[in-house]
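Observations on the three-dimensional arrangement
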Amino acid sequence: MAKLLVLTLLVACNAELILDGGDNGWSQWYRSVDGVMGGRSSISVQRDGDVLEASGEIVTAGGGFAGLYTRLNDVDASAYAGLKVTYEALPAGQTPLAWEVRLKGRGDSSRYIDFGASFAVPPSSIENGVGSVSLPFEDFLPRWRGNDRTGTLDLTALDEVGL
């Protein structure tokens, strides 16, 4: 289980633009699972105030993916340096959890490409500890269905963010 608190765009001079979460709460997030490929993975998503909580199971036989995404309203991120993800740390002793943040832009060089950057959510000895990771846009690599691709992310009109 992972709990996200805020998704924020970051600019080099410390200016920020909150994409989702924070004091305004979370927008609608949608599930994406491998069922269309015969898989049996699952994910559930709950929004509770400033927390977006996702939990589920990845079953690698027959597909092996589960994620969530939300639509954006053509956010111009071209003046920003990257994306900051704020999360609640895992309880002490748990295995770190890996996440990949995906971005799509309206004018991407191909609609069959996602741009993703990975990070780990570590455990913390502090109960309900909060952490964050900053992901520069150059770390978002073009991929499709787990395979590397070439392409260009349209930062002038981000229309989707996913995990």
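Model, not experiment: these values are computed from the prediction.

1. Digging into the environment of Leu103
For Leu103, the location among the structural elements is in strand E9 (residues 97-105). Between the alpha carbons of Leu103 and Asp159 there is a distance of 7.9 Å; along the sequence they are 56 residues apart. Sequence-distant contacts of Leu103, that is, excluding residues within four places in its chain, are made with Asp114, Phe115, Phe137, Phe140, Leu153, Leu158, Glu160 and Val161.

2. A short note on the pattern of salt bridges
Applying the stated criterion across every chain, the model contains eight salt bridges. Note that Asp159 is salt-bridged to Arg106, the shortest N-O span being 3.6 Å. In this pair, Asp159 is assigned in strand E15 (residues 158-162) and Arg106 in the loop between E9 and strand E10 (114-121), connecting sequence segments 53 residues apart. The class of Asp159 is buried, set by a relative accessible area of 14%. The closest approach of N and O atoms between Arg143 and Asp148, which form a salt bridge, is 2.9 Å. With relative accessibility at 27%, the residue Arg143 sits in the partly exposed group. The network of salt bridges with shared partners includes Arg71, Arg102, Lys104, Asp114 and Glu160.

3. Some thoughts on the nonpolar core
If you look at the biggest cluster of nonpolar residues, it comprises 30 residues, and the most contacted ones within it are Leu68, Val101, Phe119, Leu135 and Phe140. Mapped by element, the contributors of at least two residues to this core are strand E5 (51-57), strand E6 (66-75), strand E7 (82-88), E9, E10, strand E12 (130-136) and E15. Counting residues per element, this core draws most heavily on E10, which supplies four residues. The residues touching Leu135, leaving out its near neighbours within four places in the chain, are Gly82, Leu83, Val85, Val101, Ala117, Ser118, Phe119 and Phe140.

4. Re the confidence of the model for the protein
On average, residues of the protein carry a pLDDT of 83, and 88% of them reach 70 or more. For the protein, the element scoring lowest by mean pLDDT is strand E1 (residues 2-10), at 61; E15 scores highest, at 92.

5. What to know about the packing of aromatic side chains
Each aromatic ring pair is summarised here by two numbers: the centre-to-centre distance and the angle between the ring planes. Enumeration according to the criterion identifies four aromatic pairs in this entry. Taking the centre distance of 5.6 Å and the plane angle of 35° together, the rings of Tyr30 and Tyr69 count as tilted. Taken together, the positions of Tyr30 in strand E3 (residues 30-33) and Tyr69 in strand E6 put the pair 39 residues apart, joining distant regions of the chain. Taken together, a centroid distance of 6.2 Å and an interplanar angle of 25° make the contact between Tyr87 and Phe119 stacked. With Tyr87 in strand E7 and Phe119 in strand E10, the pair connects residues that are 32 residues apart, well separated along the chain.

So, how was this worked out
- Residues numbered from 1 in each chain as written.
- Predicted model: local features only at pLDDT ≥ 70, side-chain atom pairs only at ≥ 80, totals over all residues.
- Heavy atoms only, no water.
- Helix = DSSP H or I, 4+ residues; strand = E, 2+ residues; numbered from the N terminus.
- Contact = heavy atoms within 4.5 Å.
- Salt bridge = Lys/Arg side-chain N within 4 Å of Asp/Glu carboxyl O.
- Buried < 20%, exposed > 50% of the residue type's maximum accessible area, 1.4 Å probe, protein only.
- Core = buried A, V, L, I, M, F, W, Y, C linked by side-chain atoms within 4.5 Å.
- pLDDT = per-residue confidence, 0-100.
- Phe/Tyr/Trp six-rings, centres within 6.5 Å; stacked < 30°, edge-to-face > 60°.

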